[in-house]
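Working through the structure, step by step
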Amino acid sequence: MAYRDTDFMYASARVSAFETKLLTKEKYTQIIDAATEKDAVALLGESVAPVTVDGAFDIEATLEKFIADAFSEVAKSISEPKLFDFMRYEYDANNLKAAIKAHFIGADTDGMLFACGTLPPEAAEGAVQSGDFSAFPKHMAKAAAEALETYAATRDPQSVDLLIDRAAFADMADGAAADTLLLDAVRARIDAINTVAAIRMIDAGKPDRIKPMLLEGGKIPLETFAAPDREALHAALAEKDAATAGLLSDGNAALGDIERAVDKAATDRPEKAKFAPFGLPKLYAYLSAVQTQAKNLRIIFALRAAHADKETIRAKIRV
C-alpha cells in the first residue's frame, strides 16, 4: 500500500526524541578512550541503559535490549506494528544458521543466538529439532529445511550460510515491498554484500567462485560482479553504479576498509532520511541507526576486551 508522510507524524515526533540519545562520533571516541571498562560502561549509560547478568555488565544483553526497545517503541506508535519486522530478519537468520550448525556438531548455542529477531531465539532450536520451520518467514522456512538436508549430506557450513542468507534477503525484500524507500534500502544492502563477496573471491584468487556467493534482488545485475580482477570489477561497476565503483578506485585498499566503506554507503540513504521532519523515511533511518550503533558498540567492547589499541578500534566502526 502507499503511505503518506502524515501517516507517521506521531511516531516521527517520538523518534525525534529518541534520536537525541543516539551516540555521536564524539561519544564513541570517549567510550573508546575510557581508561577502564567501568568508565566505558558509565559513558555508555548516558545514552543506553547497561544490562547486568549475574552482577556483571553484559554487552550482548545490553544491545539486545537496546534494539528490542527501539523496535518496540516504533511499533506501538504506528498503525501497522509489523511494518519494520523485515529489518529484524537478519537476527532470525543468524539464529537459524547457528542452531543448524550446533545441531550437527552437538554444540551448545550459548552466546550464538540473538534475542532481538521477530521470533525468540529458542524458536530456531525448536524448529531444528522438530523439522518444522513454519513459524519463520516463508523463504527462510523453506531454506532452513533445505539447509538441514544439505549440511547432513555435505557437512559444509558455508552451504547453510548461503541458503539462509539468500532466503533472509528475499524475505526482507518481500517485507519492504510496501514502500519504495524501504525496498531500495534492502536492494542497496544486497549490492553492498555482493560487492564485498566479489572482491573477497578475487583477492583469494577464486574469481570463478564469485557467482555462487552472490545474493539475488539487488539493483546491480549479478553478471556485473563476475570479474577476473579488481580493475575489471571497477570498470564493470562504473557502467552500472558509479557511486559503488568510486569506492573501489583505490586498487590497493584493504578488504576490510572497502567493506566498511561499501556498508556505510549502503546505509547513507536512510541516514540522510533522518533529517526529514516526519514520515516513513525518518522511522526507517532511526531504526537503521540503532542497528548500526549496536554493531559499533559490539566492536568497541569486544576490541577493548582484547586490548586492541584505540586507533584500531576507531578504524573498525562505522561513523
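Shown above is the structure to which this text applies.
Everything quoted here is computed from the prediction, not taken from an experiment.

A tally of helices and strands in the protein yields 15 helices and 2 strands. Computed over the C-alpha atoms, the radius of gyration of the protein is 20 Å, within 12% of the 20 Å expected from 2.2 N^0.38 for a compact globule of 319 residues. Principal axes of the C-alpha set define a box for the protein whose edges measure 50 × 50 × 50 Å. Residues counted as buried form 45% of the 319 residues belonging to the protein. Put simply, 65% of the contacts in the protein that link residues at least 6 apart link residues at least 24 apart.

Below, the discussion takes up helix α6 (residues 121-130). When we look at burial in α6, the residues that qualify are Pro-121, Ala-124, Ala-127 and Val-128. Looking straight down α6, one finds its buried side chains confined to an arc of 125°; they lie on one side. In this structure, α6 carries Glu-122, Gln-129 and Ser-130 as exposed residues pointing more than 90 degrees from its buried face. Against the buried residues of α6 lie α5 (89-105) and α7 (138-154).

As a further point, take a negative patch on the surface. On the surface, Asp-108, Asp-110, Glu-122 and Glu-125 cluster together into a patch of negative charge. Among the structural elements, Glu-125 can be located in helix α6. The partly exposed category is assigned to Glu-125, whose relative accessible area is 32%.

Right, let's talk about the packing of aromatic side chains for a bit. Inspection of every chain in the model, using the stated rule, returns 5 aromatic pairs. When the ring of Phe-57 is compared with that of Phe-301, the centres are 5.4 Å apart and the planes differ by 50°; the resulting orientation is tilted. Residue Phe-57 is located in strand β2 (residues 56-57), and its partner Phe-301 is located in helix α14 (residues 280-305); the two are separated by 244 residues in the primary sequence. The interplanar angle of 70° and the centroid separation of 5.1 Å between the aromatic rings of Phe-104 and Tyr-151 together place this pair among those described as edge-to-face. Of the two residues, Phe-104 is situated in helix α5 and Tyr-151 in helix α7; the sequence distance between them amounts to 47 residues.

It is worth spelling out the environment of Glu-231 at this point. Looking at the element boundaries, Glu-231 is found in helix α11 (residues 230-240). Among the residues examined, Glu-231 registers a relative accessible area of 68% and is labelled exposed. Linking Glu-231 and Ser-249, residues 18 residues apart in sequence, is a C-alpha distance of 8.7 Å.

Within the secondary structure, Thr-109 sits in the loop between α5 and α6. One polar contact links Thr-109 to Glu-125, side chain to side chain, over a distance of 2.6 Å. Excluding anything up to four places from it in sequence, Thr-109 contacts Ala-98, Ala-99, Ala-102 and Glu-125.

Okay, the pattern of salt bridges next. Overall, the coordinates contain 17 salt bridges when judged by the stated rule. Arg-298 is the partner of Glu-60 in a salt bridge, and the nearest nitrogen-oxygen pair spans 2.8 Å. Within this pair, whereas Glu-60 is found in helix α4 (residues 59-75), its partner Arg-298 is found in helix α14, the two being separated by 238 residues in sequence. For Glu-60, a relative accessible area of 27% corresponds to the partly exposed category. Judged by its relative accessible area of 24%, Arg-298 is partly exposed. Between Glu-259 and Arg-200 there is a salt bridge whose closest N-O contact spans 3.7 Å. Pair noted here: Glu-259 is in helix α13 (residues 255-273) and Arg-200 is in helix α9 (residues 180-203), with a separation of 59 residues, a long-range link. Given the relative accessible area of 36%, Arg-200 is considered partly exposed. The network of salt bridges with shared partners includes Arg-14, Glu-73 and Lys-76.

Ile-31, Phe-84, Phe-86 and Phe-301 are the most contacted members of the largest nonpolar core, which totals 74 residues. The dominant element in this core, judged by the number of residues it contributes, is α14, at 11 residues. Leaving out residues up to four positions away in the same chain, Phe-84 has contacts with Phe-71, Val-74, Ile-78, Leu-182, Leu-280, Leu-283, Tyr-284 and Leu-287. Core analysis: the second largest hydrophobic core is formed by 23 residues, Leu-162, Ala-188, Ile-210 and Ile-220 among them.

With a phi close to 55°, Asp-54 is a non-glycine residue in the positive phi region. As for its placement among the helices and strands, Asp-54 is situated in the loop between β1 (52-53) and β2. In the Ramachandran plot, Arg-155 falls in the positive-phi region, its phi being about 55° despite a non-glycine side chain. Structurally, Arg-155 can be placed in the loop between α7 and α8 (157-176).

All right, on to the packing of helix α3 (residues 37-44) against α14 then. What describes two packed helices is the angle between their axes and the distance between those same axes. Contact geometry for α3 and α14: axes closest at 11 Å, N-to-C directions at 165°. One finds that α3 runs roughly antiparallel with respect to α14. In terms of crossing hand, the pair formed by α3 and α14 is right-handed. Contacts between α3 and α14 involve Glu-37, Ala-40, Val-41 and Leu-44 from the first element and Leu-297, Phe-301 and Arg-304 from the second. When its residues are assigned to classes, the contact of α3 with α14 shows 5 nonpolar, no polar and 2 charged.

Cut-offs applied
- Within each chain, residue numbers correspond to sequence positions counted from 1 in written order.
- Given that the model is predicted, a residue must reach a pLDDT of at least 70 before its local features are reported, and side-chain atom pairs must reach 80 or more before they are shown or counted; all residues, however, enter totals for whole chains, interfaces and linings.
- As a rule here, side-chain values come from all non-hydrogen atoms in the structure, and water together with hydrogens is ignored.
- Only DSSP runs of H or I with at least four residues qualify as helices, and only runs of E with at least two residues qualify as strands; both kinds are numbered from the N terminus onward.
- Here the globule rule is a power law, 2.2 Å times the number of residues to the power 0.38, and the radius of gyration is based on C-alpha atoms.
- For the exposure calls, accessible area comes from a 1.4 Å probe over protein chains only, and a residue counts as buried if that area is under 20% of its type's maximum, exposed if over 50%, partly exposed in between.
- Two residues qualify as a contact provided that any one of their heavy atoms is within 4.5 Å of a heavy atom in the partner residue.
- Arc definition: it is the arc formed by the directions from the helix axis to the C-beta atoms.
- For patch building, the residue pool is restricted to those with more than 30% relative accessible area and no salt bridge; the joining distance is 9 Å between like charges and 5 Å between nonpolar side chains (Val, Leu, Ile, Met, Phe, Trp, Tyr).
- For accessible areas, the Shrake-Rupley method is used with a probe of radius 1.4 Å. Any residue's cover is judged against the shown protein chains and nothing else.
- Within this document, salt bridges are pairs made up of a side-chain nitrogen of Lys or Arg and a carboxyl oxygen of Asp or Glu, the two lying within 4 Å of each other.
- Note that His is not counted, nor are the chain ends; the positive residues are Lys and Arg, and the negative ones are Asp and Glu.
- By convention, the charge on Lys lies at NZ, on Arg at CZ, on Asp at CG and on Glu at CD.
- Put simply, two rings from Phe, Tyr or Trp (the six-membered ring, in Trp's case) pair if the centres are within 6.5 Å, and we call them stacked under 30 degrees between planes, edge-to-face over 60, tilted for the rest.
- Each polar contact in these results corresponds to two N or O atoms within 3.5 Å; when the atoms are within protein, one needs to be able to donate a hydrogen and the other to accept it, and residues that are neighboring in sequence are counted only if both atoms are side-chain atoms.
- By convention a nonpolar core is built from buried Ala, Val, Leu, Ile, Met, Phe, Trp, Tyr and Cys residues, the set being connected through side-chain atoms within 4.5 Å.
- Working convention: axes come from line fits to C-alpha atoms, limited for helices to the stretch in contact. Angles between N-to-C directions cover 0 to 180 degrees.
- Roughly parallel here means an angle under 35 degrees, roughly antiparallel means over 145, roughly perpendicular means 65 to 115, and every remaining angle is called oblique.
- Take the far helix as your reference; a near helix turned counterclockwise from it by less than a right angle gives a left-handed crossing, and one turned clockwise gives a right-handed crossing.
- For this classification, Asp, Glu, Lys and Arg are treated as charged, while Ala, Val, Leu, Ile, Met, Phe, Trp, Tyr, Cys and Pro are nonpolar and the rest, including Gly, are polar.

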